[in-house]
Amino acid sequence: MFSEEIDTSKFEQIWILVPCFNESKVINETISELSKYFQNILVVDDGSTDNTSNLLKSLNVTVLQHPINLGQGAAVSSGFEFISRIDNSKAVITFDADGQHSVNDAVTFANEILSSSEDIIFGSRFIHHEKNIPFIKRLVLKIVTKISNVILKMNLSDTHNGLKAFKIDALDKIKLKTSNYAFESELLAKVSKLGLSYRELPSDIIYTEYSTTKGQSLRNGMRILESLVVLFFSR
Amino acid sequence: MTPDLTFGILFIFLLLYSLVRPFQSIFSKMFLIFGSCLGLLSVINIEVVDEISRSLGVERGADLYLYLGLITSFLFFLFLLNRFSSLESKINKLSRHIALKDLERESAKKEVKPD
């Protein structure tokens, strides 16, 4: 960690968006790590049925509470809608609640989105950190990425990574409808259609036993492929 | 009551229902009218249905019913999917609205509270 070396005052206009569902085991740690660098953290509790909502009350974060579980896409959309209403906000970084992402990467993304001209910065596990990804996951991700790039006419090395940074102006243009994991495909389709500028930055993923059981299953991979087929025919 | 009579009553009821009920789509109305007429015809005289199916290029009336049944099931499935997705979207909007309102209310409470 490099908390002493970083001037975090410039992150005042940056919001960290953490969608979460039943993350009581890790949410404390994830938020406390993020709080070292970021003042504005929005957690969207997507109808958790465990102790997550009680834990969030004791943390110094803004909490948006869905009354029922709607899905990750819906949680991200709600977060976008809330943050885009805040006057002085400049950018949003989406960060998974399960502790898979590195906070150092989020800091890098924050610096980049403030200084670069791109509308969106996508995180990629395939730049520098490919070997950290389990084999099967790597294979599935590569297939999904290849299909996504062909269908959406994009050039990304990792299309379904939770760590992303958005300029607020870009958020106003993107309105998501998909509520489940497949929202990432819809997001990419909108980015491609609207001609928003983007680039990729490396993002490391810390695969723990907890995060692999909580993360995207093969069933969700099927949903993503299904959404890509729908996108292909609705172009 | 014989099966013919039961089905006959059912198809008459369906025909009347399709004529009386207001439909959002004219296709749904026409589909129900056409289906109930065909059903009624098959009860009255199956050979007429065979004639109709032959004129449409289908050998037997039973085959025509099978094809129409499959098409109906497929269209119904699509209609249901569309309905579900529309309902899901409405629930999402409502839940988001509630969540945002709750947060606004809590923020207002915090601002009013003295230190």
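As a reminder, the structure under discussion sits directly above these lines.
Residues numbered from 1 in each chain as written. Chains lettered and ligands numbered in written order. Predicted model: local features only at pLDDT ≥ 70, side-chain atom pairs only at ≥ 80, totals over all residues. Heavy atoms only, no water.

### Things to note about the overall build of chain B
What chain B contains, in helices and strands, is four helices and zero strands. Start at the N end of chain B and walk to the C end: the helices and strands fall as α-α-α-α. For 115 residues, the compact-globule estimate of 2.2 N^0.38 gives 13 Å, and chain B exceeds it by more than 25% at 25 Å. With respect to the three principal axes, the spread of C-alpha positions in chain B is 90 × 30 × 25 Å. (Helix = DSSP H or I, 4+ residues; strand = E, 2+ residues; numbered from the N terminus. Rg over C-alpha atoms; globule rule 2.2 N^0.38 Å.)

### Examining helix H4 (residues 103–115) of chain A
Residues and elements named next belong to chain A. In this model, H4 (13 residues) spans 19 Å end to end at C-alpha, consistent with the 18 Å of a helix rising 1.5 Å per residue. Every buried residue of H4 is listed here: Val103, Asp105, Ala106, Val107, Phe109, Ala110 and Ile113. The inward-facing, buried residues of H4 abut strand S1 (14–20), helix H1 (27–35), strand S4 (91–94), strand S5 (120–124), strand S6 (164–167) and strand S7 (198–202). N-capping of H4 is provided by Ser102, with a side-chain oxygen placed 3.2 Å from the backbone N of Asn104. (Expected span 1.5 Å × (residues − 1). Buried < 20%, exposed > 50% of the residue type's maximum accessible area, 1.4 Å probe, protein only. Contact = heavy atoms within 4.5 Å. Polar contact = N/O pair within 3.5 Å; in protein donor to acceptor, adjacent residues only side chain to side chain.)

### A short note on the packing of aromatic side chains
Tallied over the entire structure, the rule returns seven aromatic pairs over all chains. Between Phe122(A) and Tyr198(A), the ring centres sit 5.7 Å apart and the planes meet at 75 degrees, which makes this aromatic pair edge-to-face. With Phe122(A) in strand S5 and Tyr198(A) in strand S7, this residue pair connects regions lying 76 residues apart in the sequence. Of the residues examined, Tyr198(A) reaches a relative accessible area of 25% and is grouped as partly exposed. Its end group placed over the ring of Phe23(B), Arg21(B) keeps NZ or CZ at 4.9 Å from the ring centre. (Phe/Tyr/Trp six-rings, centres within 6.5 Å; stacked < 30°, edge-to-face > 60°. Lys NZ or Arg CZ within 6 Å of the ring centre and 35° of its normal.)

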